Amino acid sequence: SYGAEDNRVLGIPGENLLGVYTARAFVGWYNGLPENRDLKPDLSCETALILGHGNVALDIARILLSPLQLLRKTDITDSSLAALACSKVKRVWLVGRRGPLQVAFTIKELREMINLPGARAVLDPADFTGLESAVKDAPRPRKRLTELMIKTALEKPVEMQAATAGTAAPREWGLKFQRSPQEVLPSADGRRARGIRMALTCLEGSGDSAKAIPTGDVEELECGLVLSSIGYRSLPLDPAVPFDSQRGIIPNSSGRVEGVPGLYCSGWVKRGPTGVIITTMNDSFDTAQSVLEDLQRGVLDISPSREGFGLVESILHSRGVRPVSFSDWEKIDAAEVARGKAAGKPREKIVDPEEMLRIIGH
Ligand code: NAP
């Protein structure tokens, strides 16, 4: 149940230029993940482009455009807040390779973005022509999500102005559809991103399974910041645990790892990096059900008594590893909450692992 700690890669030229970041690293940076603390994203441009139409893409757009006074009350790290305070980004495009009926984000997250103070949604009504009737018989969540996009696209500018009145420099964001990233374009000195070339696509098929096929036309868009938010990816754990590197999961049937009786998996490493927390929770119930069934059917040999975690502990000890226990973590947690209190935040995250170890006396 170890999740997905890597990300999918675009595999296009220019992906490694300065100014191009993966969503995973960017999210890790503002969330205080030690491995991403030195990312220091360059926010000196006015236009950012996020590739992907998932909830992570919306999360990033929201962070880039949120008023500082809102962010200040969250557990975002102080250093990310300082960087965002100097940010020049005022326009964010979220670009998807398929259409409005295939977006992967969900309504709650879209609504939060639409209601973000000081930021105006720029949706092109032409992108939604005929969609109202197309979603008439779609499942309710898809129908409501599409209706919200249509409503937002058709909102009169005057209503939008009223919503953003009295706020600082106008910021805006929008959705672009049927554009597949082809190349991140380099600046004159060849070092940084100055834009992106996208292949325009048409859809083959309909609904969730529609495929984006390049039409042969391309479009270039200027932007100084590119964030690729095209999904996460699990990594293999150990040669003894089977791994399907094509699908990025542990091959399993209802959580039973294929070919390894007695081993089970759950969460994103079982199903792939999709779904919200409740999906992952239900998924673990499904795996637990498999364990119970196997116990009842006598498939699992539970006759000999086993040492349990004590055995793991002695292996760690023999290798000189000092594990961090739950009560250790509680000390770090308490220290973070205490530091946050002074600044009126839920917590101030500690991003240096050495400092965490000092707190627990390691
Ligand atoms: P996601 O929902 O799978 O979205 C990935 C997006 O990237 C899709 O729009 C996908 O388009 C696009 N994409 C994939 N490969 C691409 C490529 N090669 N070129 C261009 N576009 C590509 O992934 P996510 O946003 O990383 O989120 C992961 C999971 O966490 C999701 O289930 C999400 O709902 C969940 N999450 C939830 C919350 C929340 O509850 N607030 C917050 C964050 C994340 P196609 O559909 O065309 O493949």
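By the naming in an unreviewed UniProt entry, the protein is NADPH:adrenodoxin oxidoreductase, mitochondrial, taken from Horornis vulcanius. A UniProt comment under Subcellular location (unreviewed entry) is attached to the protein, and it reads "Mitochondrion". Turning to the protein, the UniProt record has this under Cofactor (unreviewed entry): "FAD".

J.: Can you walk me through the overall build of the protein in this structure?
T.: Looking only at helices and strands, the protein features 13 helices and 13 strands. Overall, the C-alpha framework of the protein stretches about 70 × 50 × 40 Å when taken along its three principal axes. Every one of the 362 residues in the protein was classed for burial, and the buried ones make up 39%. Counting only contacts in the protein whose residues sit at least 6 apart along the sequence, the fraction spanning at least 24 positions is 67%. On the protein, roughly 20,000 Å² of surface is accessible, and the fraction owed to carbon and sulfur atoms is 55%. Charge separation in the protein, taken as the distance between the mean sites of 46 positive and 46 negative side-chain charges, equals 4 Å.

J.: I tried to follow the site of the ligand on my own but got confused; where do I start?
T.: Around the ligand sit 21 residues, and of these Asn55, Arg97, Arg98, Glu109 and Gly275 come closest. Here an oxygen atom of the ligand and a side-chain polar atom of asparagine 55 are 2.9 Å apart. Here an oxygen atom of the ligand and a side-chain polar atom of arginine 98 are 2.8 Å apart. Coverage of the ligand by the protein amounts to 79% of the 920 Å² it exposes when considered alone.

J.: I keep staring at the domain arrangement of the protein and nothing clicks. Help me out?
T.: Interface size is commonly expressed as the accessible area that is lost once the parts come together. In terms of domains, the protein is made up of domain 1 (6–232) and domain 2 (234–302). Taken together, the four residues of domain 1 in the interface contact four residues of domain 2. Summed over both partners, the interface of domain 1 with domain 2 buries about 330 Å², with 68% contributed by carbon and sulfur atoms. The largest share of the area that domain 1 buries against domain 2 comes from Asp6, Arg8 and Tyr232, three residues that together contribute 85% of it. Our count for the domain 1 to domain 2 interface comes out at zero salt bridges.

J.: Would you mind going over the sheet that holds strand S2 (residues 20–22) with me for this structure?
T.: Two modes of strand pairing occur in sheets, parallel and antiparallel, and in both the strands are linked by backbone hydrogen bonds. Read from one edge of the open sheet, six strands run S2-S10-S3-S4-S6-S5, paired in parallel fashion. The sheet is open, and its two edges are formed by S2 and strand S5 (119–122), each paired on a single side. Looking at each pair of strands side by side, their axes are set apart by 20° on average, direction ignored. The pairing of strand S3 (residues 47–51) with strand S4 (residues 91–95) spans five bridges and is classified as parallel. Note that in S4 the partner of isoleucine 50 across the bridge is leucine 94. The sheet contacts of helix H2 (residues 55–65) involve S3, S4, S5, strand S6 (171–176) and strand S10 (225–228), and relative to S4 the element is tilted by about 175°.

J.: What am I meant to see in the packing of H2 against helix H5 (residues 107–114) here?
T.: When two helices pack together, their arrangement is given by the angle between the helix axes and by the axis-to-axis distance. Interaxial distance between H2 and H5 falls to 10 Å at its minimum, and their mutual angle equals 20°. With respect to H5, the element H2 is oriented roughly parallel. When the axes of H2 and H5 are compared, the crossing they make is left-handed. Residues Asn55, Leu58, Ala61, Arg62 and Leu65 of H2 form the contact with H5, whose participating residues are Glu109, Leu110, Glu112 and Met113. Split into classes, the residues belonging to the contact of H2 with H5 amount to five nonpolar, one polar and three charged.

J.: Where do I start with the nonpolar core in this structure?
T.: Generally speaking, soluble globular proteins have nonpolar side chains that are buried together. The biggest cluster of nonpolar side chains holds 48 residues, and the ones touching the most others in it are Ile60, Leu64, Val92, Leu110, Met149, Trp173 and Leu225. For this core, the leading source of residues is H2, giving seven residues. With residues near it in sequence (within four places) discarded, tryptophan 173 still touches Leu65, Val92, Leu94, Leu110, Met113, Ile114, Ala119, Arg120, Ala121 and Val122. Counting 15 residues, the second largest nonpolar core, distinct from the first, contains Leu49, Leu51, Ile196 and Cys223.

J.: I would appreciate a short explanation of the environment of glutamate 336 in the present structure.
T.: Along the polypeptide, glutamate 336 turns up in helix H12 (residues 326–342). Separated by 13 residues in sequence, glutamate 336 and lysine 349 place their C-alpha atoms 5.5 Å apart. Discounting residues that sit within four places of it in the chain, glutamate 336 has contacts with Arg347, Glu348, Lys349 and Ile350.

J.: Explanation requested: unusual backbone geometry in the structure shown.
T.: A positive phi angle, near 40°, is found at lysine 40, a position not held by glycine. Its location among the elements puts lysine 40 in the loop between helix H1 (23–30) and S3. Note on lysine 40: relative accessible area 60%, which makes it exposed. Its identity as a non-glycine residue notwithstanding, serine 254 has a phi of 50°, on the positive side.

J.: Before we go on, may I ask you to explain the environment of alanine 119 in this structure?
T.: Considering the arrangement of structural elements, one finds alanine 119 in strand S5. On the basis of relative accessibility, which here comes to 5%, the residue alanine 119 falls in the buried class. Distance from alanine 119 to arginine 91, taken between C-alpha atoms, is 8.9 Å for residues 28 residues apart in sequence.

J.: What is the right way to read the sheet that holds strand S8 (residues 193–204) from this model?
T.: What the three strands build is an open sheet, ordered S7-S8-S9; its pairing is antiparallel. The sheet is open, and its two edges are formed by strand S7 (179–186) and strand S9 (211–222), each paired on a single side. Direction aside, the axes of adjacent strands within the sheet are offset by 20° on average. Pairing of S7 with S8 involves seven bridges; the strand directions are antiparallel. Counted as the bridge partner of leucine 185 is glycine 195 from S8.

What counts, and where the lines are drawn
Residues numbered from 1 in each chain as written. Predicted model: local features only at pLDDT ≥ 70, side-chain atom pairs only at ≥ 80, totals over all residues. Heavy atoms only, no water. UniProt positions renumbered as here; feature names shortened; annotations may be inferred. Helix = DSSP H or I, 4+ residues; strand = E, 2+ residues; numbered from the N terminus. Buried < 20%, exposed > 50% of the residue type's maximum accessible area, 1.4 Å probe, protein only. Contact = heavy atoms within 4.5 Å. Areas by Shrake-Rupley, 256 points an atom, 1.4 Å probe, with all protein chains shown as cover. Lys, Arg positive; Asp, Glu negative; His and termini not counted. Charge placed at Lys NZ, Arg CZ, Asp CG, Glu CD. Near = heavy atom within 4 Å. Polar contact = N/O pair within 3.5 Å; in protein donor to acceptor, adjacent residues only side chain to side chain. Domains from an automatic or database assignment. Buried area = accessible area lost by both parts, 1.4 Å probe. Salt bridge = Lys/Arg side-chain N within 4 Å of Asp/Glu carboxyl O. Pairing = 2+ DSSP bridges. Axes fitted to C-alpha atoms, helices over the stretch in contact; angles between N-to-C directions. Parallel < 35°, antiparallel > 145°, perpendicular 65-115°, else oblique. Left-handed = near helix turned anticlockwise from the far one by under 90°. Nonpolar A, V, L, I, M, F, W, Y, C, P; charged D, E, K, R; others polar. Core = buried A, V, L, I, M, F, W, Y, C linked by side-chain atoms within 4.5 Å.

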